[in-house]
Amino acid sequence: MAQAPRILKTKVGIIGGGPAGLMLSHLLSKVGIENIVVEKNDHETIRNTHRAGILEAQAVTMLTESGVDGRVLTHGDEHAGIDLRFNGESHPLDFRELVDATVTLYAQNEVFVDLAAARSRDGGDVRFNCEVNEILDVETSTPKFRFTNAEGELFEVQADVIVGADGSRSFARRQMPDAVKQDFKVTYPFAWFGILTEAPKSAPELIYANSPHGFALISQRSETVQRMYFQCDPNENVDNWSEDRIWSELQKRVDGPDGFELKTGPIFDKTVLGFRSFVRQPLSHGRMFLIGDAGHTVPPTGAKGLNLAFAEVKVLFEALDSYFSTGSDKLLGGYSDLALKRVWKAQNFFYWMTSMLHTPVNADPFMAQRALGELDTVTSSRYGQQYLAESYTGWPHA
Ligand code: DHB
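Residues numbered from 1 in each chain as written. Predicted model: local features only at pLDDT ≥ 70, side-chain atom pairs only at ≥ 80, totals over all residues. Heavy atoms only, no water.

The protein chain has the name 4-hydroxybenzoate 3-monooxygenase in an unreviewed UniProt entry, where Glutamicibacter uratoxydans is given as its organism.

**Comments concerning the site of the ligand**
Tyr208, Ser219, Arg221, Tyr229 and Pro300 are the nearest of the 15 residues found near the ligand. One of the backbone nitrogen or oxygen atoms of Gly53 is found 3.4 Å away from an oxygen atom of the ligand. Pro300 places a main-chain nitrogen or oxygen 2.6 Å from an oxygen atom of the ligand. Summarising the interface, the protein chains cover 100% of the accessible area of the ligand, which totals 300 Å² for the free molecule. Listed by contribution, the elements that provide at least two residues to the shell around the ligand are β16 (206-209), β17 (216-220) and β18 (225-232). The class makeup of the residues in the shell around the ligand is 9 nonpolar, 3 polar and 3 charged. Split by domain, the shell around the ligand shows at least three residues from each of two domains, domain 1 (6-80 + 104-184 + 277-352) and domain 2 (187-275 + 360-393). (Near = heavy atom within 4 Å. Polar contact = N/O pair within 3.5 Å; in protein donor to acceptor, adjacent residues only side chain to side chain. Areas by Shrake-Rupley, 256 points an atom, 1.4 Å probe, with all protein chains shown as cover. Helix = DSSP H or I, 4+ residues; strand = E, 2+ residues; numbered from the N terminus. Nonpolar A, V, L, I, M, F, W, Y, C, P; charged D, E, K, R; others polar. Domains from an automatic or database assignment.)

**What to know about the environment of Gly16**
Along the chain, Gly16 turns up in the loop between β2 (12-15) and α1 (19-30). Sequence spacing of Gly16 and Gly167 is 151 residues, and the spatial spacing of their C-alpha atoms is 7.2 Å. Non-local contacts of Gly16, meaning those with residues more than four positions away in its chain, are made with Gly21, Val37, Val38, Glu39, Ala165 and Asp166. (Contact = heavy atoms within 4.5 Å.)

**Points about the sheet that holds strand β20 (residues 276-281)**
The 3 strands lie next to each other as β14-β20-β23, forming an open sheet whose pairing is antiparallel. Two strands lie at the open edges of the sheet, namely β14 (182-187) and β23 (296-297), each paired on one side alone. Inspection of the sheet shows β14 paired to β20 by 6 bridges, in the antiparallel sense. For Phe184, the partnering residue across the bridge sits in β20 and is Val279. Relative to the sheet, helix α10 (residues 330-357) contacts β14, β20 and β23, its axis offset from that of β20 by approximately 165°. (Pairing = 2+ DSSP bridges. Axes fitted to C-alpha atoms, helices over the stretch in contact; angles between N-to-C directions.)

**Notes on the packing of α1 against helix α9 (residues 305-326)**
Relative orientation and spacing of two packed helices are given, respectively, by the angle between their axes and the distance between those axes. Running from amino to carboxyl end, α1 crosses α9 at an angle of 30°, the nearest separation of the two axes being 9 Å. With respect to α9, the element α1 is oriented roughly parallel. For the element pair α1 and α9, the recorded crossing hand is right-handed. Of α9, the residues touching α1 (which contributes Pro19, Ala20, Met23, Leu24, Leu27 and Leu28) are Leu306, Ala309, Phe310, Val313, Leu316, Phe317 and Leu320. (Parallel < 35°, antiparallel > 145°, perpendicular 65-115°, else oblique. Left-handed = near helix turned anticlockwise from the far one by under 90°.)

**Considering the UniProt feature "domain: FAD-binding" (unreviewed entry) in the protein chain**
Within the UniProt annotation, "domain: FAD-binding" (unreviewed entry) is assigned to residues 9-347. Taken end to end, residues 9-347 has its terminal C-alpha atoms 37 Å apart, with 31% of it in helix and 31% in strand. (UniProt positions renumbered as here; feature names shortened; annotations may be inferred.)

**Brief notes about the packing of α10 against helix α12 (residues 382-393)**
One can describe the packing of α10 onto α12 by two numbers: an axis separation of 11 Å at closest approach and a directional angle of 125°. By the angle class used here, α10 and α12 are oblique. For α10 against α12, the interelement crossing comes out left-handed. Residues Asn348, Phe349, Trp352, Met353 and Met356 of α10 lie in contact with α12, whose contacting residues are Tyr387, Leu388, Ser391 and Tyr392.

**Considerations on the domain arrangement of the protein chain**
Under the domain assignment, the protein chain is made up of domain 1 (6-80 + 104-184 + 277-352) and domain 2 (187-275 + 360-393). Relative placement of domain 1 and domain 2: their C-alpha centres are 30 Å apart. Contacts between domain 1 and domain 2 engage 23 residues on the former and 22 residues on the latter. Its largest share of buried area at the contact with domain 2, domain 1 owes to His50, Pro300 and Trp352, together 29% of the area lost on that side. Seen at the junction of domain 1 and domain 2, the total is 1 salt bridge. The closest approach of N and O atoms between Asp77 and Lys201, which form a salt bridge, is 2.9 Å. Applying the counting rule to domain 1 against domain 2 returns 8 residue pairs in polar contact (both at pLDDT 80 or more). If you tally residues by element for the side of domain 1 that touches domain 2, the top one is α10, at 5 residues. Residue composition of the side of domain 1 that touches domain 2, grouped by class: 12 nonpolar, 7 polar and 4 charged. (Buried area = accessible area lost by both parts, 1.4 Å probe. Salt bridge = Lys/Arg side-chain N within 4 Å of Asp/Glu carboxyl O.)

Structural data, given as structure tokens:
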């Protein structure tokens, strides 16, 4: 006979304990809205998954003002600009001067560590290593999901609202019926080869480089660890790349008459990151709401993924707070449309930055020259620089 599940009752059942799910759980608990977070992976797996590292100022404020942790201020590195490099020349953009804003370099795994620690400190109900295998009754006022823990025991979470925060391979998203959903997707003919290296910083600001050999991004993690990426084939195998080959490829892409040289060191992580744009519409169905990568994927250029997720957490949190305090579901009903506006702005920003900075795969010389014309247009005009700076540092939260 099938095992009867143990029942857990709560107000908000959150599927996914990455940064988006944990941030929502933290905000809800602060105003006394009970919630349970169920995460498939264990803490260490998430902690060791390398993602982008740029936080918009608004994301930093969400971490500090909500009392998650101030470590982002002491360990994060505030950046007031980037360097756009093309034709072998540097073009610094000063975000503070252009739009009075900055971003903070603080790796996404650190955000996760801080959030998980805060939930544990505040007695939050977060269950790692638990896999959700069924979502029921989201079209009613008593939605539920079932999960199995590491010991194989079955549980059922009965909630007022369910949130899918379970990442790009979202189980929650897949439960939405065909009749109500629309998916938009694009795949790209290139990817990023990402490395982590023990080396000093090569330059004070991040460098986004367009070169005839392809795009490169020189990013950072700390004074002694650096993150770098270069445009590659999506099927590239990291095992074919020795340290010497990687350094020579990266250096080629930032070479110029100014003699700029990367500071090198031992490489301790190599990964190929695929490029995929995806948007699910709507971001809700009945009493289930999607946040973060569960509802959309933005490829890495411009580092919008986590920032977008946090912006959605804020909108959904306010809607849930209003729902549980007044009984009105007006804000919940507007969640998807409001969130999607920002999603499409981020998709456009990614697409624009990528087409301007990457080398077209068919090596079309016209398109390569056109991109240089665009970079020149942007960097030689204050309006152009401001457009990039405003998008990069983040549009105001709704
Ligand atoms: C990083 C990644 C990005 O996609 C980006 O635009 C900036 C920084 C990073 O991982 O450091």
